[in-house]
Amino acid sequence: MDKYKDYRQRLLTLREEVLGRVNKIDRDVHHLDQPVSADFAEQAVERENEDVLSALGEAARLELKEINAALLRMEEEEYEYCSECGDDITWERLNILPFTSQCVKCAARAD
């Protein structure tokens, strides 16, 4: 597992960043830091912003799920293998997208 040391640290750091983003988004969506405006026009803008924030929050939660899955694959010594075909995921790809679970070929097929 020493071969994963740098990747693990990157994923752990990224996980903390994403968790911070999710917590900030949740606070903003639920108006924990400031109350809802009394102005109806402002409320409409706030609702639109909440929709955008909710979408960003869902994307961050998905990223968090992928990060945790990558960390689990490391523990199982399967980190560098494609979850679809079993071929190697290139280290270059893992450098760019450290939580990917697919090789380039399978990822292109999925799109």
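Structure: see above.
So, here is what we can say about the structure in this document.

About the criteria used
- Residues numbered from 1 in each chain as written.
- Predicted model: local features only at pLDDT ≥ 70, side-chain atom pairs only at ≥ 80, totals over all residues.
- Heavy atoms only, no water.
- Helix = DSSP H or I, 4+ residues; strand = E, 2+ residues; numbered from the N terminus.
- Buried < 20%, exposed > 50% of the residue type's maximum accessible area, 1.4 Å probe, protein only.
- Contact = heavy atoms within 4.5 Å.
- Areas by Shrake-Rupley, 256 points an atom, 1.4 Å probe, with all protein chains shown as cover.
- Lys, Arg positive; Asp, Glu negative; His and termini not counted.
- Salt bridge = Lys/Arg side-chain N within 4 Å of Asp/Glu carboxyl O.
- Expected span 1.5 Å × (residues − 1).
- Core = buried A, V, L, I, M, F, W, Y, C linked by side-chain atoms within 4.5 Å.
- Phe/Tyr/Trp six-rings, centres within 6.5 Å; stacked < 30°, edge-to-face > 60°.

Here the focus is the overall build of the protein chain. The helix and strand inventory of the protein chain stands at four helices and zero strands. Mapped from its N terminus to its C terminus, the protein chain presents α and β elements in the order α-α-α-α. Within the protein chain, the fraction of its 111 residues that count as buried is 31%. In the protein chain, 56% of the contacts between residues at least 6 apart in sequence involve partners at least 24 apart. Roughly 7600 Å² of accessible area belongs to the protein chain as shown, and the carbon and sulfur atoms make up 53% of that amount.

With that out of the way, let us pick up the side chain of Arg73. Within the element layout of this structure, Arg73 appears in helix H2 (residues 40–75). An unpaired buried charge is present at Arg73: no salt bridge exists, and Glu78, the closest side chain of opposite charge, is 6.7 Å distant. Sequence-distant contacts of Arg73, defined by excluding residues within four places in its chain, comprise Glu78, Tyr79, Phe99, Thr100 and Ser101.

Mapped onto the fold, Cys82 is located in the loop between H2 and helix H3 (91–96). Owing to a relative accessible area of 5%, Cys82 belongs among the buried residues under this scheme. In the structure, Cys82 is positioned 24 residues away from Cys106 in sequence and 8.0 Å away in space, judged by C-alpha atoms. Beyond its immediate stretch of four places on either side in the chain, Cys82 contacts Asp87, Ile89, Ser101, Gln102, Cys103 and Cys106.

What follows is about the environment of Ser101. Within the element layout of this structure, Ser101 appears in the loop between H3 and helix H4 (104–110). Separated by 31 residues in the primary sequence, Ser101 and Ala70 place their C-alpha atoms 7.1 Å from one another. Not counting residues up to four positions away in its chain, the partners in contact with Ser101 are Arg73, Tyr81, Cys82, Ser83 and Ile89.

A few words now on helix H1 (residues 5–29). Taking 1.5 Å of rise per residue, the 25 residues of H1 would be expected to cover 36 Å, and the 36 Å separating its terminal C-alpha atoms lies within 8% of that figure. Considered for burial, the residues of H1 that qualify are Tyr7, Leu11, Leu14, Val18, Val22, Ile25 and Val29.

If you look at the biggest cluster of nonpolar residues, it comprises 19 residues, and the most contacted ones within it are Leu11, Val18, Ile67, Met74, Tyr79 and Phe99. Elements with a contribution of two residues or more to this core: H1 and H2. In terms of residues, this core owes the most to one element, H2, which gives six residues. Once you skip the residues sitting within four places of it in the chain, Leu11 turns out to touch Ile67, Ala70, Leu71, Met74, Tyr79, Pro98 and Phe99.

Under the criterion given, the structure shown has five aromatic pairs. Where Tyr7 meets Tyr79, the ring centres are 5.7 Å apart and the plane angle is 55°; that geometry is what we call tilted. Taken together, the positions of Tyr7 in helix H1 and Tyr79 in the loop between H2 and H3 put the pair 72 residues apart, joining distant regions of the chain. Between Tyr79 and Trp91, the ring centres sit 6.5 Å apart and the planes meet at 45°, which makes this aromatic pair tilted. Remark: Trp91 occurs in helix H3 and Tyr79 occurs in the loop between H2 and H3; sequence separation between them is 12 residues. Since its relative accessible area comes to 0%, Tyr79 is described here as buried. Its relative accessible area of 33% is what places Trp91 among the partly exposed residues. Members of the aromatic cluster, each reached through a chain of ring pairs, are Tyr4, Tyr7, Tyr79 and Trp91.

Note that every value here comes from positions in space, so none of it alone points to a role or purpose.
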